[in-house]
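Spelled out, the chains give:
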Amino acid sequence: MRLTNKTALITGGNSGIGLATAKLFVAEGAKVIITGRNKETLEAAARELGPNAIALAADATDIAATEAAIKKGTDKFGKLDILFVNAGIPGGTPLGSTTREMFEKVISTNLTGVFFTVQSALPYLNDNASIILNGSVISVLGNPGYSAYGAAKAGVRAMARIMASELSPRGIRVNVVAPGAIRTPIWGAAIATPDAEKAFEKRIGLATPLGRIGEPDHISKTVLFLASDDAGHIQGQEIFVDGGAVASP
Ligand code: NDP
């Protein structure tokens, strides 16, 4: 039990990587607050996670709603030791057909939302807390169609380093976990059927030294490490969990 007596907040905790992390954190003894927009999946996640979790609806692009959820969650479970800023949307559209509205939606959730979630959480964070931001390999790889998404995730890396400097006086660590392709609902139709999934796995396999899609627990276990005292001297870093995608030539 590595998280006994710890309280964690996970944005986007009702699906994919966030839900896997919430389950792992509860199993490690933490009290967990999850947020998201979809009330149905939030309720389902809360049932699955049990009494040591609370699920609260909050849109990460709505600062007041995010702050209200953080307040409500910490009123119940106490101040935060861990903040996993994970909520994000996909955003792959080619340069020529990306509208301003599409571009701004991705930036608003995946970059602006991250900044203001951390800002809103500041008064509710214990000293020596651990903040983990969810990045992406697309912040460094030139994947066609991902200008907005890649820019947002590169911004997340830059913000993490600056936040790490600003929050070090309180002992608060800020790091980034940067996944490669992970099997979650974010891929939508690309993995919706067994045939589609096979084709996707093959395509990703060709582009990834380990030759496979990652699983949510590859990320949750890295987040657990960064959240725990084992990572107590890791500050302002980014860990790629990508089957070698970034390291490959
Ligand atoms: P999912 O689609 O399974 O989960 C996304 C989560 O984000 C959901 O819980 C969703 O909940 C929440 N979310 C989205 N927009 C908002 C919003 N405006 N406000 C609050 N919550 C929101 O995908 P993943 O688990 O894969 O994605 C999690 C993170 O991992 C994202 O930041 C993504 O960019 C990153 N990532 C994922 C990769 C992958 O291959 N899966 C690769 C690299 C990075 P709801 O819909 O209820 O709002």
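Just so you know, the residues in each chain are numbered from 1, in the order the chain's sequence is written. Predicted model: local features are reported for residues with pLDDT of at least 70 only, side-chain atom pairs are reported and counted for 80 or more only, and whole-chain, interface and lining totals are derived from all residues.

The name an unreviewed UniProt entry gives the protein chain is SDR family oxidoreductase, with Bradyrhizobium zhengyangense as the organism. Its UniProt record, at the heading Sequence similarities (unreviewed entry), says of the protein chain: "Belongs to the short-chain dehydrogenases/reductases (SDR) family." UniProt positions are given in the numbering used here, feature names are shortened, and annotations may be inferred rather than shown by experiment.

Our next topic: the nonpolar core. Ala-8, Ala-22, Val-32, Ile-34, Leu-83 and Ile-131 are the most contacted members of the largest nonpolar core, which totals 67 residues. By definition, any uninterrupted DSSP run of H or I lasting at least four residues is a helix, any uninterrupted run of E lasting at least two residues is a strand, and each is numbered from the N terminus. Ranked by residue count, the leading element in this core is helix α5 (residues 147-167), at seven residues. Any two residues are considered in contact once their C-beta atoms, placed from the backbone, lie within 7 Å. Non-local contacts of Ala-22, meaning those with residues more than four positions away in its chain, are made with Ile-10, Gly-13, Val-32, Ile-34, Ala-45, Leu-49 and Ala-53. Remark: nonpolar core denotes a set of buried Ala, Val, Leu, Ile, Met, Phe, Trp, Tyr and Cys residues whose joining runs through C-beta atoms within 7 Å. In this scheme every C-beta is placed from the backbone, and a residue whose C-beta has 20 or more other C-beta atoms within 10 Å is buried, one with 12 or fewer is exposed, and one in between is partly exposed.

On to the pairing of strand β4 (residues 80-85). Remember that side chains alternate between the two faces of the sheet whenever the strand is regular. Of all six residues that make up β4, six are buried, and the element is covered over most of its length. Pairing between strands requires that DSSP locate at least two bridges from one strand to the other. Strand direction decides the pairing type here: strand β1 (residues 7-11) and β4, joined by three bridges, are parallel. Bridge pairing links Leu-9 to Leu-83 in β4. As paired strands, β4 and strand β5 (residues 125-134) are joined by five bridges and run parallel to one another.

Turning our attention to the site of the ligand. To decide whether a residue is near a molecule or strand, its C-beta atom is placed from the backbone and checked for lying within 6 Å of it. Among the 28 residues in the neighbourhood of the ligand, the closest are listed as Gly-12, Gly-16, Gly-36, Arg-37 and Gly-88. Counting only elements with at least two residues in the shell around the ligand, the list comes to α1 (16-27) and β2 (31-36). Broken down by element, the residue count for the shell around the ligand peaks at three residues, all from α1.

Next up on the list: the UniProt feature "domain: Ketoreductase" (unreviewed entry) in the protein chain. UniProt's entry tags residues 6-185 with the feature "domain: Ketoreductase" (unreviewed entry), counted in the numbering of this structure. Structurally, residues 6-185 is divided into 45% helix and 22% strand, and its ends, taken at the C-alpha atoms, are 28 Å apart.

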